[in-house]
Structure formats: C-alpha cells, structure tokens
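Structural overview
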Amino acid sequence: MNIGVIGINHNLAPINIRENVSFTDVQKIEAINYFLDRDIDEVVILSTCNRSEIYIQAKNIDEKIKFLEDFYERFFNVADIKEYLFSKKNTSAVEHLFKVASGLDSIVLGEDQILGQVKDAHDFSMQLGSSKKIFNKLFREAINVAKDIKNTTKISHQPLSISYIGVKFIQSKIGKLEGKKALLIGMGKMNKLTIKYLKEEKLDTIYVSNRNHGKIMELESKFKNIIPIRYEDRYKVMNDIDIVISATSSPHMVIRYDEMPKIQKKILMMDIALPRDIDPKINKLENIEIYDIDNLKDIQDKNDNKRKELAKIGSQMISEKIIEFIEWIDSIKIDPTIESLNDKCLEIREDTLDYIYRKTNLDNRDKKIIDKMLTSALKRLIREPIINLKQIKDKGKREEYIKLIEELFEL
C-alpha cells in the first residue's frame, strides 16, 4: 500500500509543542515541494489547532517515515520533538485518517470542524499536484465515510464543540454568566459558535474584535448586546469585562503581556487558538487567570459517554470502508498490465493501418471507417480479459493471471 502518516497531535503533545509545529500555507508549499523532490509520490499536510500531520504515499515507506521524523526536527527547530511524534503506515494510516475526518480522533468526539479542514488540506494538495490517484481516492473515501457516520449516528448533534465546552468550563470557574461582560477576539467558526452559546447564558454585553473590522459589523443586526470594537481598541475594554475568549488564526500573540493595562477586577481568559493568542506571561498579572485548549480535556461533558457509544458504530463503519479501500488498492495493481495491453493494441493498430494504407488507394472517408472498425475490434479483443481480471478477488490468482497475460502478449 505504501501509505504513511507522521505528525503531532493532542493525544501525545502538549500545547506548547503543538503551537510550534503548525504549518502556514507558505510552509506547506515549501514542505510539499521539498518532499516531491525526494521521491515521495503524494503528500497532504493537515495542520489544525490540535494536530500537525503529514500524509505520504511512497515506496520504501519505513525509510520515508524516518526521513519525515528528521524533517520535523530540522524544519521547526524544536528540541526533543521526536518524543512527541507518532507515525502509522498502511492500514493503520488509512484508519487514522478516516477517524480524524470523522471527528473520532478529536478532543471533542464527533466534532464537525475537522471534516472541513480535511477537505481543505486535500484541496490544497490537489492544487499543488501532490495528491494524485491514490490520495484522491483515499481522501474522498475519508470524507465520504465521515459524512456517512455523521448521518447515521447523528454524533455531532450532541452539543460538544470546543466552543460549547469552553463556555461550560468558564461557568465551572466563575459560576453563572448572566449579566457578565465578555470580549471575543476573532471571527472564525469557533467564536461564531461561542457567541451562540454565550447568548443562551444571557450575558449583559459581548464585545467582538477582529482584524478585519468589516466582518463583525453584521453581527450588530443579528444579535442584541453585541458591540463591535476596533482591533486596536481591544485593550481599552479590559477593565470593563469579566471574560476574554480568543480564537484567531494569527501566527502571533494577539494579547501581549507588555501591552496589558493594569486590571482592577478579576478576568478569566480562555485561549482556544493554536498557536496561542494570549501571552502565557499574562497569567502572572494580578486578577487574571488564563486557560487554553488543554484545560478543556478535563471537563468533557456527561454527554461524551453517549458519543463514545456512537463512536463504536462509527469505528465499525470505518473498518468496512478500510476493507473496500484495500481491495481497491489491490485492484489497481492491474493498471500497468491494462495500460500495456492498450499500448500493444495501439501498436498493432498503427502497424496494420500503415500496411493497409500502403497496399491500397483509399480516400479519407474509407480510411476513417477502417480506423474506427479496427480500433473497435481491438478494444473488444481485450475488454473481456480486463473485466474478468478486475473481478478476481483472490490476490494470488490475480497476480498469476497478470504474469500469464504479460508473458502471452509479451508486454
């Protein structure tokens, strides 16, 4: 199969490691081109707030996985990074991707956001030409099985997004949120969900700030008590709020220690971004407590047990899809033989037409008719053997037939 995955995710690595191995789009392009130049046939890089994973298809997969381990160490220059890396190959790598796409390997079991991120990662590689026949099939199957699991189990209908858990975590720390004031930084999917959950808790005011101020202006008409503020004014409201929730895609800190004003009352800051948005040194300041994604692992909701039951159904569906994918991988081993048969037919066609045209005096119309008839006859000659070859399930028997065909036709 020659498929592998290597990387870092929330299962093994703490947040301070994960945030240092997050790929920007520019770094993805650089890394993918680097791999393609080194005998790796196909590459997809999946980089999210909780994982940085490189999927590859190449010969000598064990050797290439070792190569990627060294790459992570050099590319990100993070000490002792290898102790946090995981790697899987062949069936285990396929299973891992299917579980990732389905949300069965996420902090929040069954979450929806990861499916879009897997699609985006695959699309990115297709545009670069680093996802070809095998990975196009693999990632399409991963996306399809994820959709099937969600439709069958309704696992994502249990309200357990990162945003939901973050709000529940805040409640566990400061009690009822009714009448409180919050500042949200960033206007991506997570904070849009966060607004929904905060509104249900009847906060007094929700300030929203984003680098692109235009993106948040529409919120005023949709929600009451939402106040857009300019990004450069985010520190000015710090002494008027109880909660800060930051979830941007910025590669840099958006709340910095050296820019913080003196805080007169207690503020809880929830950083659900990766790389982190909030400077950890701010935790040393008086009246401020900071929490991040890793803290949310400790407060999985009671509904998580229900999700685990649904995840077992999803895992069974994945097992069935893996078998189908392995069968497909085995079936494409006949592709070179089929291609050689087609080439042989093309060679016979060209030789035959050349002989007929030299021995006869045909007009263009007759030449086209003979060409069409000969091409059709040759296709009919190899059609049945190809169909029968594809239908053979016995791996050993199929390989025996492939060898026989290649010898008989001198392919």
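Residues numbered from 1 in each chain as written. Predicted model: local features only at pLDDT ≥ 70, side-chain atom pairs only at ≥ 80, totals over all residues. Heavy atoms only, no water.

**Quick notes on the pattern of salt bridges**
Tallied over the full model, the rule gives 24 salt bridges. When the shortest N-O distance is used, the salt bridge between Asp 294 and Arg 18 registers 3.1 Å. One end of the pair, Asp 294, is in helix H11 (residues 293-296); the other, Arg 18, is in helix H1 (residues 15-18), and 276 residues separate them in sequence. On the basis of relative accessibility, which here comes to 2%, the residue Arg 18 falls in the buried class. (Salt bridge = Lys/Arg side-chain N within 4 Å of Asp/Glu carboxyl O. Helix = DSSP H or I, 4+ residues; strand = E, 2+ residues; numbered from the N terminus. Buried < 20%, exposed > 50% of the residue type's maximum accessible area, 1.4 Å probe, protein only.)

**Details of helix H13 (residues 335-359)**
Between the first and last C-alpha of H13 there are 36 Å, a value that for 25 residues agrees with the 36 Å anticipated at 1.5 Å per step. Of the residues making up H13, those classed as buried are Thr 337, Ile 338, Leu 341, Cys 345 and Leu 353. For H13, the elements touching its buried residues are helix H14 (364-391) and helix H15 (395-408). (Expected span 1.5 Å × (residues − 1). Contact = heavy atoms within 4.5 Å.)

**Some words on unusual backbone geometry**
Residue Pro 275 is reached from Leu 274 by a cis peptide bond, and omega for that bond is 0°. Among the secondary structure elements, Pro 275 is positioned in the loop between strand E9 (267-271) and strand E10 (288-292). Phi is positive for Asn 60, which is not a glycine, with a value near 55°. Phi is positive for Asn 287, which is not a glycine, with a value near 75°.

**Looking at the sheet that holds strand E2 (residues 42-47)**
A sheet is described by the order of its strands in space; here four strands give the open sequence E2-E3-E1-E4, paired in antiparallel fashion. Two strands close off the open sheet at either side, each with one partner strand: E2 and strand E4 (86-89). Across this sheet, the average inter-strand angle for adjacent strands is 15°, counted without regard to direction. Direction of pairing for strand E1 (residues 3-9) relative to strand E3 (residues 51-57): antiparallel, over a ladder of seven bridges. When the sheet's bridge partners are listed, Ile 8 is paired in E3 with Ser 52. Sheet strands touched by helix H5 (residues 113-128): E2 and E3. Its angle to E2, the strand with the most contacts, is close to 145°. (Pairing = 2+ DSSP bridges. Axes fitted to C-alpha atoms, helices over the stretch in contact; angles between N-to-C directions.)

**Some words on the confidence of the model for the chain**
In regions of low pLDDT, the predicted coordinates are not meant to be interpreted in detail. Per-residue confidence for the chain gives a mean pLDDT of 88, with 95% of residues at or over 70. Considering each helix and strand of the chain separately, the mean pLDDT is smallest for helix H10 (residues 219-222), with a value of 64, and largest for E2, with 97. (pLDDT = per-residue confidence, 0-100.)

**Some remarks on the nonpolar core**
Core analysis: the largest hydrophobic core is formed by 37 residues, its most contacted members being Tyr 55, Val 118 and Leu 138. Elements with a contribution of two residues or more to this core: E1, E2, helix H4 (91-101), H5, helix H6 (133-153) and helix H12 (304-331). Excluding residues that lie within four positions of it along the chain, Tyr 55 makes contacts with Gly 4, Val 5, Glu 42, Val 43, Val 44, Leu 46, Ala 93, His 96, Leu 97, Val 100, Phe 135 and Phe 139. Formed by 33 residues, the second largest nonpolar core is a distinct cluster that contains Ile 165, Ile 206, Val 208 and Ile 272. (Core = buried A, V, L, I, M, F, W, Y, C linked by side-chain atoms within 4.5 Å.)

**Topic: the packing of aromatic side chains**
Per the stated rule, a full pass over the model turns up 17 aromatic pairs. The ring of Tyr 231 has Arg 234 lying over it, and the distance from NZ or CZ to the ring centre is 3.9 Å. In this structure, Lys 367 is placed above the aromatic ring of Tyr 357, and the distance from its NZ or CZ to the ring centre is 4.9 Å. (Phe/Tyr/Trp six-rings, centres within 6.5 Å; stacked < 30°, edge-to-face > 60°. Lys NZ or Arg CZ within 6 Å of the ring centre and 35° of its normal.)

**Observations concerning the sheet that holds strand E5 (residues 181-185)**
The six strands lie next to each other as E7-E6-E5-E8-E9-E10, forming an open sheet whose pairing is parallel. Each edge of the open sheet carries a strand with a single partner, namely strand E7 (226-230) and E10. The sheet shows a mean angle of 20° between the axes of neighbouring strands, direction not considered. As paired strands, E5 and strand E8 (residues 243-246) are joined by four bridges and run parallel to one another. The residue bridging Leu 184 from the neighbouring strand is Ile 245, located in E8. With respect to the sheet, helix H7 (residues 162-174) is in contact with E8, E9 and E10, its orientation differing from that of E9 by roughly 155°. Taken strand by strand, helix H8 (residues 189-200) contacts E5, strand E6 (205-210), E7 and E8, and its axis lies near 170° from that of E5.

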